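These are the residues of each chain, in order.
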Amino acid sequence: MTAYWITTYKAVHDSDKVAAYATLAGPALTAAGGRFLVRGVPEVTFEKGESTRTIVIEFPSVEAAVAAHDSEAYQEALRALDGGADRDMRVVPGA
């Protein structure tokens, strides 16, 4: 079943670290079977929506998304991020 990796950025502390992370994370996640569907700040929010950078990546399965996160290539990206941002990350199975 398809799964979606959803990340929202709650705070950015160091934009250079975020840029270094993005340079490594994008290729690592696409190489692991991910497909970026959403990348940016909301155009509109409703109810208690937050205007925070949001990323949605589609994976073939929850297991594939977890394997991508645990891969050495993605772990290298996390080391580059090194506290440069506070993020909320989750993997949700498709409907």
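In this text, all values refer to a predicted model and were calculated from it rather than measured experimentally.

Trainee: Summarise the UniProt feature "domain: DUF1330" (unreviewed entry) in the protein chain; cite the residues concerned and give the values.
Mentor: Per the UniProt annotation, the sites labelled "domain: DUF1330" (unreviewed entry) are residues 2-94. With 39% helix and 33% strand, residues 2-94 has end C-alpha atoms that lie 5 Å from one another.

Trainee: Describe in detail the layout of surface pockets, supporting the description with residues and values.
Mentor: Approximately 220 Å³ is the volume found for the largest pocket. If you go around the largest pocket, you meet 17 residues; those closest to its centre are Tyr9, Tyr21, Ala22, Phe36 and Ile55. Counting only elements with at least two residues in the lining of the largest pocket, the list comes to β1 (3-12), α1 (15-31), β2 (35-40), β3 (54-59) and β4 (85-93). Ranked by the residues each element gives to the lining of the largest pocket, the list is headed by α1, at 6 residues. Tallied by class, residues from the lining of the largest pocket come to 12 nonpolar, 2 polar and 3 charged.

Trainee: Let's hear about the side chain of Arg87: which residues, and what values?
Mentor: Among the secondary structure elements, Arg87 is positioned in strand β4. For the buried residue Arg87, which engages in no salt bridge, the nearest side chain bearing the opposite charge is Asp86, 8.2 Å off. Of the polar contacts made by the side chain of Arg87, one reaches the side chain of Tyr21; its length is 2.9 Å.

Trainee: Describe the sheet that holds β4, naming the residues involved and giving the relevant values.
Mentor: Taken in spatial order, the 4 strands of this open sheet run β2-β3-β1-β4, and their pairing is antiparallel. The open sheet has two free edges, formed respectively by β2 and β4, since each of these has just one partner strand. Going from strand to strand, the sheet's axes swing by 15 degrees on average, the running direction of each strand aside. Relative to β3, β1 runs antiparallel, the two being bridged by 6 bridges. Bridging across to β3, Tyr4 finds its partner in Glu58. Those strands touched by α1 are β1, β2, β3 and β4, and its axis lies near 175 degrees from that of β1. The sheet strands contacting helix α3 (residues 72-81) are β1 and β4, and the helix crosses β4 at an angle near 155 degrees.

Trainee: Lay out α1 with the relevant residues and their values.
Mentor: Here α1 contains 17 residues, and its C-alpha end-to-end distance of 24 Å stays within 8% of the 24 Å for a straight helix at 1.5 Å per residue. At Ala25, α1 shows its maximal kink, close to 25 degrees; a proline, Pro27, follows between one and four residues later. For α1, the elements touching its buried residues are β1, β2, β3, α2 (62-70), α3 and β4. Capping of α1 at its N-terminal end is provided by Asp14; its side-chain oxygen lies 3.0 Å from the backbone amide nitrogen of Asp16. Of the residues one or two after α1, Gly33 is the one with positive phi, at around 100 degrees.

Cut-offs used in this document
Counting from 1, residues in each chain are numbered in the order their sequence is written. At least 70 in pLDDT is required for a residue's local features to be given in this predicted model, at least 80 for side-chain atom pairs to be given and counted, and no such filter applies to totals for whole chains, interfaces and linings, which use all residues. Excluded from the side-chain calculations are hydrogens and water; all other atoms, namely the structure's heavy atoms, are used. UniProt positions are given in the numbering used here, feature names are shortened, and annotations may be inferred rather than shown by experiment. Working definition: helices are DSSP H or I runs of at least four residues, strands are E runs of at least two. Numbering for both runs from the N terminus. Only protein atoms enter the 1 Å grid, on which a cavity is a set of points fitting a 1.4 Å probe that cannot get out and a pocket is an open set with protein on both sides within 12 Å along at least 5 of 7 lines, lining residues being those with an atom within 4 Å of a point. Grid points are joined across faces, edges and corners, and a volume is the space filled by probe spheres set on the points. Side-chain classes follow a simple rule in which Ala, Val, Leu, Ile, Met, Phe, Trp, Tyr, Cys and Pro form the nonpolar group, Asp, Glu, Lys and Arg form the charged group, and the remainder, Gly included, forms the polar group. Think of it in three bands: residues with accessible area under 20% of the maximum for their type are buried, residues over 50% are exposed, and the middle band is partly exposed, with areas taken using a 1.4 Å probe on protein chains only. Charge convention: Lys and Arg are scored as positive, Asp and Glu as negative, and His as well as the terminal groups of each chain are ignored. By convention in these notes, a salt bridge is any Lys or Arg side-chain nitrogen within 4 Å of a carboxyl oxygen on Asp or Glu. In protein, a polar contact requires one atom able to donate a hydrogen and another able to accept it; more generally it is a pair of N or O atoms within 3.5 Å, and residues adjacent in sequence count only if both atoms are side-chain atoms. Two strands qualify as a pair provided that DSSP identifies no fewer than 2 bridges between them. Angles shown run from 0 to 180 degrees and are taken between the N-to-C directions of axes, each axis being a line fitted to C-alpha atoms and, for helices, limited to the stretch in contact. Between two residues, a contact is recorded if the distance between any of their heavy atoms is within 4.5 Å. The span expected for a helix works out to 1.5 Å for each residue beyond the first. A residue's bend is simply the angle between two axes: one fitted to the seven residues ending at it, one to the seven starting at it.

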